[in-house]
Amino acid sequence: MKAIHTDKAPQAIGPYVQAIGTDQLVFTSGQLPINPETGELETEISAATRQALENVKAILEEAGSSIDKVIKVVVYLADINDFAAMNEVYAEYFSDHKPARSAFEVAALPKDGIVEIEAIASL
């Protein structure tokens, strides 16, 4: 196993890595919508979803994978009423290639985030 790190995604905010790679798979940690350049947290759902997915994408690319090789995505929402808006942005990233996905509301996310996204991808 190999820890994956890129400056193009936010640094871990706890005792974990951005992702772990095996010989065949990459497992990203959940990505909050934090801009890695400014450290700012996006608070509008469309912008937040886009930033979280850009963070996932950057990590996958650092690992030698891509968004087109994603097998499974998990989306955590602070408010399930944001589901439709999240889906609109999500569909921009996964139009032709549609991985398996789970999406659900949680009581709270770190840093009071409104969305967190994690992915599993092949290499």
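Scroll up for the structure.
Residues numbered from 1 in each chain as written. Predicted model: local features only at pLDDT ≥ 70, side-chain atom pairs only at ≥ 80, totals over all residues. Heavy atoms only, no water.

1. Digging into helix α2 (residues 83-93)
The criterion, for reference: Exposed residues in this analysis have more than 50% of their type's maximum accessible area, buried residues have under 20%, and partly exposed residues fall in between, with area computed by a 1.4 Å probe over protein chains only. The secondary structure listing takes helices from DSSP runs of H or I that are at least 4 residues long and strands from runs of E that are at least 2 residues long, numbered from the N terminus. The arc in question is traced by the directions running from the helix axis to the C-beta atoms.
Within α2, the full set of buried residues consists of Met-86, Val-89, Tyr-90 and Tyr-93. Buried residues of α2, seen end-on, are gathered within an arc of 105 degrees and therefore sit on one face of the element. Residues of α2 that are exposed and point more than 90 degrees away from the buried face comprise Ala-84 and Glu-88.

2. So, the pairing of strand β5 (residues 100-105)
Put simply, the rule is: DSSP calls a pair of strands paired once it identifies at least 2 bridges connecting them. Throughout, right-handed denotes a crossover for which the path from the first strand over the helix to the second runs clockwise when the strands point away from the viewer.
Of the pairings in the sheet, the one linking strand β4 (residues 70-77) to β5 comprises 6 bridges and is parallel in character. Along β5, the bridge assignment pairs Tyr-76 with Phe-104. Viewed along the sheet, the connection from β4 through α2 into β5 turns out right-handed.

3. Focus on the packing of aromatic side chains
To be explicit about the condition: The rule is short: rings of Phe, Tyr and Trp, with Trp giving its six-membered ring, pair when the centres are within 6.5 Å, and they are stacked under 30 degrees, edge-to-face over 60, tilted in between. Definition used: whenever NZ (Lys) or CZ (Arg) falls within 6 Å of the ring centre and also within 35 degrees of the ring normal, the charge is taken to sit over that ring.
Following the criterion strictly, the structure yields 2 aromatic pairs and no others. An angle of 85 degrees between the planes, with centres 5.2 Å apart, marks the rings of Tyr-76 and Phe-104 as edge-to-face. One end of the pair, Tyr-76, is in strand β4; the other, Phe-104, is in strand β5, with 28 residues separating them in the sequence. Relative to Phe-94, the ring of Tyr-90 lies with its centre 4.7 Å away and its plane at 35 degrees, an arrangement referred to as tilted. Across this residue pair, the class does not change: Tyr-90 and Phe-94 are buried. A cation over a ring is seen here: Arg-101 above Tyr-90, with NZ or CZ 4.5 Å from the ring centre.

4. Let's talk about the pairing of strand β3 (residues 25-28)
Residues Val-26 and Thr-28 of β3 are buried on one face, while the alternating residues Leu-25 and Phe-27, pointing to the opposite face, are not. Of the pairings in the sheet, the one linking strand β2 (residues 19-21) to β3 comprises 3 bridges and is antiparallel in character. Within the sheet, the bridge partner assigned to Gly-21 lies in β3 and is Val-26. What sits between β2 and β3 in their antiparallel hairpin is a turn of 3 residues. Where β3 meets strand β6 (residues 115-122), 3 bridges bridge the pair, whose relative direction is antiparallel. Across the sheet, the residue bridging to Leu-25 is Ser-122, located in β6.

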